[in-house]
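Tertiary structure, described
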Amino acid sequence: MNGGDEVMTAPAGPPQPLEWKFSQVFGERTAGEEVQEVDIISAIEFDKTGDHLATGDRGGRVVLFERTDTKDHGASRRDLERMDYPISRHPEFRYKTEFQSHEPEFDYLKSLEIEEKINKIRWCQTANGALFLLSTNDKTIKFWKVQEKKVKKISDMNLDPPKAVGNGSMASSSNSNSPIPCLANGGSPDRSYNYLENDFSFPPGGLPSLRLPVVVTSQETNLVARCRRVYTHAHDYHINSISNNSDGETFISADDLRINLWNLEISNQSFNIVDVKPANMEDLTEVITSAEFHPTHCNMLAYSSSKGSIRLIDLRQSALCDSHAKLFEEPEAPGSRSFFTEIIASISDIKFARDGRYILSRDYMTLKLWDINMNSGPVATFQVHEYLRPKLCDLYENDSIFDKFECCLSGDGLRVATGSYSNLFRVFGCAPGSTEATTLEASKNPMRRQVQTPSRPSRSLSSITRVVRRGAETSGVDANGNPFDFTTKLLHLAWHPTENSIACAAANSLYMYYA
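About the criteria used
Residues numbered from 1 in each chain as written. Predicted model: local features only at pLDDT ≥ 70, side-chain atom pairs only at ≥ 80, totals over all residues. Heavy atoms only, no water. Helix = DSSP H or I, 4+ residues; strand = E, 2+ residues; numbered from the N terminus. Buried < 20%, exposed > 50% of the residue type's maximum accessible area, 1.4 Å probe, protein only. Areas by Shrake-Rupley, 256 points an atom, 1.4 Å probe, with all protein chains shown as cover. Pairing = 2+ DSSP bridges. Axes fitted to C-alpha atoms, helices over the stretch in contact; angles between N-to-C directions. Phe/Tyr/Trp six-rings, centres within 6.5 Å; stacked < 30°, edge-to-face > 60°. Core = buried A, V, L, I, M, F, W, Y, C linked by side-chain atoms within 4.5 Å. Salt bridge = Lys/Arg side-chain N within 4 Å of Asp/Glu carboxyl O. Contact = heavy atoms within 4.5 Å. Patch = residues over 30% accessible without salt bridge, like charges linked within 9 Å, V, L, I, M, F, W, Y side chains within 5 Å. 1 Å grid on protein atoms, 1.4 Å probe; cavity = no way out; pocket = protein on both sides within 12 Å on 5 of 7 lines; lining within 4 Å. Points joined across faces, edges and corners; volume = space filled by probe spheres on them.

Considerations on the overall build of the protein
In terms of helices and strands, the protein carries three helices and 31 strands. Expressed as a percentage of the 515 residues in the protein, the buried residues total 47%. For the protein, the accessible area works out to roughly 26600 Å², and carbon and sulfur atoms hold 51% of it.

Some thoughts on the sheet that holds strand S2 (residues 41-46)
Pairing within the open sheet is antiparallel, and its four strands lie in the order S2-S3-S4-S5. Among the strands making up the open sheet, the edge pair consists of S2 and strand S5 (93-100). Within this sheet the neighbouring strands show an average axis-to-axis angle of 20 degrees, counted without direction.

Here we look at the packing of aromatic side chains
Throughout the structure, instances matching the rule amount to 23 aromatic pairs. A centroid spacing of 5.1 Å and a plane angle of 75 degrees characterise the contact between Tyr 231 and Phe 251, whose relative ring orientation is edge-to-face. Of this pair, Tyr 231 sits in strand S11 (residues 213-231) while Phe 251 sits in strand S13 (residues 250-254), and the two are 20 residues apart along the sequence. The pair formed by Tyr 231 and Phe 251 is uniform in burial state, with each residue classed as buried. Taking the centre distance of 6.1 Å and the plane angle of 5 degrees together, the rings of Phe 251 and Trp 262 count as stacked. With a gap of 11 residues between them, Phe 251 in strand S13 and Trp 262 in strand S14 (residues 258-263) connect regions that are remote in the sequence. For Trp 262, a relative accessible area of 2% corresponds to the buried category. One aromatic cluster is present, built from ring pairs that chain together Phe 22, Phe 425, Tyr 511 and Tyr 513.

Quick word on the nonpolar core
One finds Trp 20, Phe 425, Val 427, Leu 493, Ile 502 and Cys 504 to be the most contacted residues of the largest nonpolar core, which totals 17 residues. Among the secondary structure elements, those contributing two or more residues to this core are strand S26 (424-429), strand S29 (493-495), strand S30 (501-506) and strand S31 (509-514). Ranked by residues supplied to this core, first place goes to S30 with three residues. The next biggest cluster of nonpolar side chains, apart from the first, holds 15 residues, and it includes Leu 360, Leu 367, Val 379 and Val 416.

Focus: the pattern of salt bridges
Counted by the stated rule, this structure contains 23 salt bridges. We note a salt bridge from Arg 61 to Asp 57, for which the minimum N-O separation is 3.0 Å. Close ionic contact of Arg 258 with Asp 236 constitutes a salt bridge, the shortest N to O distance being 3.6 Å. Note that Arg 258 is positioned in strand S14 and Asp 236 in the loop between S11 and strand S12 (241-244), a separation of 22 residues in sequence. Overall, Asp 236 belongs to the partly exposed group, its relative accessible area being 42%. Several salt bridges share partner residues, and in doing so they unite Lys 110, Asp 236, Arg 258 and Asp 275 into one network.

Regarding the sheet that holds strand S16 (residues 288-293)
One open sheet holds the four strands; their spatial order is S16-S17-S18-S19, and the pairing between them is antiparallel. Strands at the two margins of the open sheet, each flanked by one partner only, are S16 and strand S19 (326-328). Pairs of neighbouring strands in the sheet enclose a mean axial angle of 20 degrees, with direction left out of account. Relative to strand S18 (residues 310-314), strand S17 (residues 300-305) is paired through five bridges, and the arrangement is antiparallel. Residue pairing for S18: Ala 302 is matched across the bridge by Leu 312.

A closer look at the environment of Asn 119
By the secondary structure assignment, Asn 119 is in the loop between strand S7 (112-114) and strand S8 (120-123). Residue classification places Asn 119 among the buried residues on the basis of a relative accessible area of 11%. It is 6.9 Å that separates the C-alpha atoms of Asn 119 and Asp 138, two residues lying 19 residues apart in sequence. In contact with Asn 119, other than residues within four places in its own chain, are Ser 42, Ala 43, Thr 136, Asn 137, Asp 138 and Ile 239.

Some points on a nonpolar patch on the surface
A contiguous nonpolar patch, built from Phe 339, Tyr 396 and Phe 402 and spanning about 320 Å² of accessible area, is present on the exposed surface. Mapping Phe 402 onto the fold places it in the loop between helix H3 (392-397) and strand S24 (407-409).

Some details on the layout of surface pockets
One number sums up the size of the largest pocket: a volume of about 1300 Å³. Considering the residues around the largest pocket, the lining is formed by 48 residues, among which Glu 45, Phe 46, Asp 47, Lys 48 and Trp 123 are closest to the centre. Put simply, the second largest pocket is a space of about 1000 Å³. Along the wall of the second largest pocket there are 35 residues; nearest its centre are Arg 58, Lys 117, Lys 404, Leu 491 and His 492. Mapped by element, the contributors of at least two residues to the lining of the second largest pocket are S2 and S16. Ranked by residue count, the leading element in the lining of the second largest pocket is S16, at three residues.

Quick word on unusual backbone geometry
For residues other than glycine, phi is negative in most cases, and the peptide bonds are mostly trans. One non-glycine residue with positive phi stands out, namely Ser 111, at about 50 degrees. Inspection of the secondary structure assignment puts Ser 111 in the loop between strand S6 (105-107) and S7. One non-glycine residue, Asn 128, adopts positive backbone phi at about 55 degrees. Overall, Asn 128 belongs to the exposed group, its relative accessible area being 78%.

Describing the pairing of S14
Counting buried residues in S14 gives five out of six residues, a clear majority hidden from the surface. Where S13 meets S14, five bridges bridge the pair, whose relative direction is antiparallel. Following the sheet pairing, Thr 250 is matched in S14 by Asn 263. Following S13, the chain reverses through three residues before pairing antiparallel with S14. Across six bridges, the pairing between S14 and strand S15 (residues 266-275) is antiparallel.

Below you can see the structure in the form of structure tokens.
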């Protein structure tokens, strides 16, 4: 150590709250326009680079968007960063293509309709300029390849027989005013052109007027989506999750009672790695609600349950991973139990942070951040819509209490986000000392709900407990005194992997915001 070179720096404080701005909307509804059920978005996913975004809807369609703002500079983003080129523009996307991923089916053995709704989309590794992704409905997973192909066209016929000359030069068939009638296989009813007659002999030097189509490859390209694999007949219950492994070769699919491991190249065989189905179904007390692979360790995955617990399992321990390596659950506060306790404790979604150190979970009322090295309890708890607690009975009556909200983390791990009712979503800072708790609306004016969320540092508990509870200040009415609308819910959202940009779905509209 050179004492003279040592520089003492003051510890940096928590990052400043972000100011979110509207970026784009796709599929915006006009006032009074009725939303078709099949158009409602049911899945959103960025790819690892953040240059592509996929959405799935209840009609079984997958729509792809591609980023355009980085292409305007004429160089890759990595090259621009090396040149210290100032990139001031926020992420902008344009429609790329769409395809029908799933169709409605009927299971005749169980007399069960299988709807086409896309439950999850996951991007796979790209290769040779092609995009690969997995999509699933309740029963069937499909592996798609989307690739640009140059369009081949028949530009012309090489000869027009009446105008052909002896040396083989010709005039374009498009200039002919008297097309010659043709029979099947290219024959002509006119004897002078029917070279297939028995008395015909080839002239010296061959035929100058053999008609052939001229096929040219144009500069036009078409995006072609092709289904490479179909993974089916492996789940008795509805698939709620699919997740790619970091090895690039395998993925998992999870339903209420089982998790299966697949190889991307093998569609007729999967391995059951978790099975929580009891011998007697009357003994069933919890089901699997979500599952995800660790982002870097190919042998580790986590799954959540309807009892509010998260289990971390290691595939190296045994072939059937019914015994977990770690269990994360929060002990129930004494005296707080009610009829709704178990229902609202059910975890609807889990996500690993990009570095794999933390797991974010969403139950009906809260977001919780877990450190995988500390299973005594969450390191932070964020109240999403505490104002609903007195209304749980009404929410149970109209089934809203069973809504499954997704959650997401920023690429730098400093913030988390999730949706709520009235097309609202919330962004919380999870860095030590942060008091950020922002409420945004999926509209062109996202910040108009800000009057509801003053920032109060006093909400943080003692740093010894390492637990933060924030966001409970939102009242039950909006800025105009109108009650919140429980029929409009923001269930699906995704955070750009490298930038502060969020894509979220409000019914059939895809809204994008940046900060």
